Amino acid sequence: MMKRFPSFSLSSYGTGWSASSNRRIATLTVAIAALLALAATVAFFTGRGKDGHHSESGPPSTAGSAAPSEAAPKPGGKEAGSVPRPPQIADPVAYAKAAARMLWSYDTRDTGRHQQLAGMSAWMSKETKYADWNSVAAQVPDPTLWSRMADNDQHATATVTEGHFPSAFKTALAEDPSAITKAYIYVVTVNGKQTLAWKKDGGGAEERAVTLAVQCRPSHDCALSAIAPTVTQ
């Protein structure tokens, strides 16, 4: 039987964005708010939103340990460690499911923090005004906590059960189909399960849910724009 003790869950680490606004976040806010038409969207993209579900067994205190404006490292090759490369697909739901699986999985035994960030950055949209790297990087703990996780050989795998367009997004898109043609950003909610393990047969599993903003321009592969508001209906 796997032993449980308070552990760190990578996917629940960053639950909000920095309150400071910049042009990139403002542009992304307008693009998605126009589609969702929800007050929660505006609140989230100005730094007041919260990301989905959290671990039932809380991690060590991480207050103030995030680097809210950490620059994205150069993606690619061996620098990504165990982080999978993004799939070359044009289906926003399929891409969001793959991205969620990536966000919920990590392996501190063979992947350093910089490698984790480099691997994650490869999934991001190259259109910088529609990509909020900080919302994704906030999912990764600071170097000290990552080191503590590595000392315990902590790692996690994930399975995805389903992905869908939230009803609010579908309704807004039906009311104004042309709204999406500026940025081609789709909002997708993904549900799944994360399984964690660490030294001495420690481990556990928990349900996960995340809502992602995915950019899928016609005739182009999809890319991740941001971790978006949690809209699960």
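Remember, it's a predicted structure, so these values are computed and weren't measured experimentally.

Caption draft 1: Structural view of the overall build of the chain. Along its length, the chain carries seven helices and five strands. By the burial criterion, 50% of the 233 residues in the chain qualify as buried. Within the chain, contacts between residues separated by at least 24 positions form 78% of all contacts whose residues are at least 6 apart in sequence. Summing over all exposed atoms, the chain offers an accessible surface of approximately 10800 Å²; the carbon and sulfur share of this is 54%.

Caption draft 2: Quick look at the side chain of threonine 211. Within the secondary structure, threonine 211 sits in strand 4 (residues 202–215). Within the local environment of threonine 211, its side chain forms a polar contact with the side chain of threonine 189, the two groups lying 2.9 Å apart.

Caption draft 3: Structural context of the environment of histidine 164. Counting through the fold element by element, histidine 164 comes out in strand 2 (residues 155–164). A polar contact of 3.0 Å, which involves the side chain of histidine 164, links it to the side chain of glutamate 162.

Caption draft 4: Representation of helix 6 (residues 143–151) within the structure. Taken together, the buried positions of helix 6 are occupied by Leu145, Trp146 and Met149. Buried residues of helix 6, viewed axially, fall in a sector of 100°; they line one side. Opposite the buried face of helix 6, by more than 90 degrees, sit the exposed residues Pro143, Thr144 and Asp151. Packing partners of the buried residues in helix 6 comprise strand 1 (106–107) and helix 4 (113–121). Just downstream of helix 6, aspartate 153 is the residue with a positive phi angle, here 55°.

Caption draft 5: Up close: the state of the cysteines. A complete count under the given rule lists one disulfide for this structure. The partner cysteine of cysteine 216 in its disulfide is cysteine 222, sulfur to sulfur 1.9 Å. Torsion about the S-S bond of the cysteine 216 and cysteine 222 cystine: about 115°, corresponding to right-handed handedness. Take cysteine 216: its relative accessible area is 6%, and that puts it in the buried class. For cysteine 222, a relative accessible area of 6% gives the class buried.

Caption draft 6: View of the sheet that holds strand 1. Read from one edge to the other, the open sheet built from five strands follows the order 1-2-3-4-5, with strand pairing classed as antiparallel. The open sheet has two edge strands with one neighbour each: strand 1 and strand 5 (223–227). With four bridges joining them, strand 4 and strand 5 adopt antiparallel strand pairing. Of the residues in strand 5, the one forming a bridge with leucine 212 is isoleucine 227. This element, helix 3 (residues 92–103), spans strand 2, strand 3 (185–198), strand 4 and strand 5 of the sheet and lies at about 140° to strand 4.

Caption draft 7: Just the environment of proline 143, in detail. Along the polypeptide, proline 143 turns up in helix 6. Taking the C-alpha atoms as reference, proline 143 lies 9.1 Å from glycine 112; in sequence the two are 31 residues apart.

Caption draft 8: A look at the nonpolar core. Ranked by size, the top nonpolar core spans 42 residues in total, and within it Trp123, Val136, Val190 and Leu212 carry the most contacts. Counting residues per element, the ones that place at least two in this core are helix 3, helix 4, helix 5 (133–137), helix 6, strand 2, strand 3, strand 4 and strand 5. Of all the elements, helix 3 adds the most residues to this core, at eight residues. Among the nonpolar cores identified, the runner-up in size contains six residues, and Tyr130, Ala183, Ile185 and Ala226 belong to it.

Caption draft 9: Structural view of the confidence of the model for the chain. Considering every residue of the chain, the mean pLDDT works out to 77; 64% of them sit at 70 or more. When mean pLDDT is taken per element in the chain, helix 3 scores highest with 98 and helix 2 (residues 39–48) scores lowest with 36. Counting contacts from residues 1–7, a segment whose pLDDT is below 50, to residues more than four positions away or on other chains yields 25 contacts. Every residue in residues 37–68 is under pLDDT 50, and counting partners more than four places away or in other chains gives 72 contacts.

The rules behind each value
- Residues numbered from 1 in each chain as written.
- Predicted model: local features only at pLDDT ≥ 70, side-chain atom pairs only at ≥ 80, totals over all residues.
- Heavy atoms only, no water.
- Helix = DSSP H or I, 4+ residues; strand = E, 2+ residues; numbered from the N terminus.
- Buried < 20%, exposed > 50% of the residue type's maximum accessible area, 1.4 Å probe, protein only.
- Contact = heavy atoms within 4.5 Å.
- Areas by Shrake-Rupley, 256 points an atom, 1.4 Å probe, with all protein chains shown as cover.
- Polar contact = N/O pair within 3.5 Å; in protein donor to acceptor, adjacent residues only side chain to side chain.
- Arc of directions from axis to C-beta.
- Disulfide = S-S within 2.5 Å.
- Pairing = 2+ DSSP bridges.
- Axes fitted to C-alpha atoms, helices over the stretch in contact; angles between N-to-C directions.
- Core = buried A, V, L, I, M, F, W, Y, C linked by side-chain atoms within 4.5 Å.
- pLDDT = per-residue confidence, 0-100.

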